[in-house]
Amino acid sequence: MTPLLIVGAGGFARETAQLVHAVNDVSPTWELLGHLDDDPAKHGAVVDGVPVLGGSDLAVKREDAQVVVCTGSPRDHTSRARIVARLGLPPARYATLVHPAASVSRTSTIGPGSVVLAQTVLTAAVTLGAHVSVMPHVTLTHDDVVEDFATLAAGARLAGAVRVGIGAYVGSGALVRETLTIGPYALVGMGSVVTRDVPAREVWAGVPARFLRPSTVPVPPFPSPGALT
């Protein structure tokens, strides 16, 4: 089995660990070594039966292990990108994890470092970039493109040919009309209904979704979409 390290020890990281167990139940694939977290107070803890081994720098030192970065929230949805930029690992070091209960069509592609949780659906010719997080019960329909470091929270639904920009966050239960674009680093609030393009680095919410304010999350320097795959 291939050694695996999960960067992060919060909710998304714990969910990813359970994904790994589910994969292994079907076909033993991963030796889950543990979590890595940059909060020293968590070092030595055991989270859902998985140890927190130390800081994220251990991912660089364990050259034999695959890595997946599982951080981020609506309050700081670019943390995953900042960690990946700081670690500087090549794409080949990153695992791509798909829950056995996800439905991924044969014409869809998923980039390195991305995580697809249970009960998600990628219907036809869906493209996920690198380090994309897809939470449970997300539906991505034909020709959707989700760029690097984007997050689709639980229950989000994208109609056909939607593009989600690099580092963007689509909140839980949001609905996005066909052919629209969610701009880079934008945030769409939970339960929103998006009927117009959302510009880069803006926060939109509501039914229909409207501009609320500029986004204040830090934007790290990292490659253009597709450069990590």
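Here the structure is shown first, and the text comes after it.
Per-chain numbering applies: the sequence of each chain, read as written, is numbered from 1 onward. Given that this is a predicted model, residues contribute local features only at a pLDDT of at least 70 and side-chain atom pairs are listed and counted only at 80 or more, while totals for whole chains, interfaces and linings are drawn from all residues. Side-chain numbers here rest on the full set of heavy atoms in the structure, without hydrogens or water.

Undergrad: Account for helix α1 (residues 11-26), with residues named and values stated.
TA: Where helices and strands are cited, they refer to DSSP runs of H or I of at least four residues and of E of at least two residues respectively, numbered from the N terminus. Here the expected span of a helix is defined as 1.5 Å times the quantity of residues minus one. In this model α1 runs 23 Å from its N-terminal to its C-terminal C-alpha over 16 residues, within 8% of the 22 Å that 1.5 Å per residue would give. Within α1, burial applies to Phe 12, Ala 13, Thr 16, Ala 17, Leu 19, Val 20, Ala 22, Val 23 and Asn 24. Throughout this description, buried means an accessible area under 20% of the type-specific maximum (1.4 Å probe, protein chains only), exposed means over 50%, and partly exposed covers the range between.

Undergrad: An account of the environment of Gly 173 is needed here, citing residue identities and associated values.
TA: Summarising the element assignment, Gly 173 is placed in the loop between β18 (169-170) and β19 (175-176). Residue class for Gly 173 comes out partly exposed when judged on its relative accessible area of 31%. Between the C-alpha atoms of Gly 173 and Leu 158, which are 15 residues apart in sequence, the distance is 10 Å. Any two residues whose heavy atoms approach within 4.5 Å at even a single point are treated as in contact. Non-local contacts of Gly 173, meaning those with residues more than four positions away in its chain, are made with Ala 154, Gly 155, Ala 156, Gly 191 and Ser 192.

Undergrad: Got a sec to walk through helix α3 (residues 79-87)? Specific residues and values, please.
TA: Among the residues making up α3, those that are buried are Ser 79, Arg 80, Ala 81, Ile 83, Val 84 and Leu 87. Buried residues along α3 sit in contact with β1 (2-7), α2 (58-61), β5 (66-69), β12 (133-134) and β15 (151-152). Phi turns positive, to about 65°, at Gly 88, one or two residues after α3.

Undergrad: For the nonpolar core, give the residues involved together with the corresponding values.
TA: For our purposes a nonpolar core is just a set of buried Ala, Val, Leu, Ile, Met, Phe, Trp, Tyr and Cys residues, chained together by side-chain atoms within 4.5 Å. Counting 28 residues, the largest nonpolar core has Leu 128, Leu 140, Val 164 and Ile 182 as its most contacted members. Excluding residues that lie within four positions of it along the chain, Ile 182 makes contacts with Arg 163, Val 164, Gly 165, Ala 168, Val 176, Val 188, Val 194 and Val 198.

Undergrad: Help me get a handle on unusual backbone geometry, residues and values and all.
TA: Residue Val 207 is joined to Pro 208 through a cis peptide bond whose omega torsion reads -10°. As for its position among the elements, Pro 208 is in the loop between β23 (202-205) and β24 (210-214). Notably, Gln 119 is not glycine yet its phi reads approximately 65°, a positive angle. The residue Gln 119 is located in the loop between β9 (115-116) and β10 (121-122) in this model. Overall, Gln 119 belongs to the partly exposed group, its relative accessible area being 43%. The backbone of His 137 sits at a positive phi, close to 65°, despite the residue not being glycine. One can find His 137 in the loop between β12 and β13 (139-140). A relative accessible area of 44% places His 137 in the partly exposed class.

Undergrad: Can you explain the pairing of β1? Please cite residues and give values.
TA: Counting buried positions along β1 yields 5 of 6 residues, so the element is predominantly enclosed. What makes two strands pair is DSSP finding at least two bridges between them. Of the strand pairs in this sheet, β1 and strand β2 (residues 30-36) are connected by 6 bridges, and their pairing is parallel. Looking across to β2, one finds that Thr 2 is bridged to Trp 30. Throughout, right-handed denotes a crossover for which the path from the first strand over the helix to the second runs clockwise when the strands point away from the viewer. Handedness of the crossover joining β1 and β2 through α1: right-handed. Across 4 bridges, β1 lies against β5 in parallel orientation. Bridge pairing links Ile 6 to Val 68 in β5.

Undergrad: A description of the side chain of Gln 66 should follow, citing residues and the corresponding values.
TA: Summarising the element assignment, Gln 66 is placed in strand β5. The exposure class of Gln 66 is buried, given its relative accessible area of 18%. Counting of polar contacts relies on pairs of N or O atoms within 3.5 Å, with two restrictions inside protein: one atom must be capable of donating a hydrogen and the other of accepting it, and residues adjacent in sequence are counted only when both atoms are side-chain atoms. Among the polar contacts made by the side chain of Gln 66, one reaches the main-chain carbonyl oxygen of Ala 92 at a distance of 2.8 Å.

Undergrad: Mind laying out the sheet that holds β15, listing which residues take part and the relevant values?
TA: Across the sheet, which stays open at both edges, the 8 strands sit in the order β6-β9-β12-β15-β18-β21-β23-β24 with mixed pairing between neighbours. The sheet is open, and its two borders are formed by β6 (97-98) and β24, each paired with just one other strand. Across 2 bridges, strand β21 (residues 187-188) lies against β23 in parallel orientation. Bridge pairing in β23 places Leu 187 opposite Val 203.

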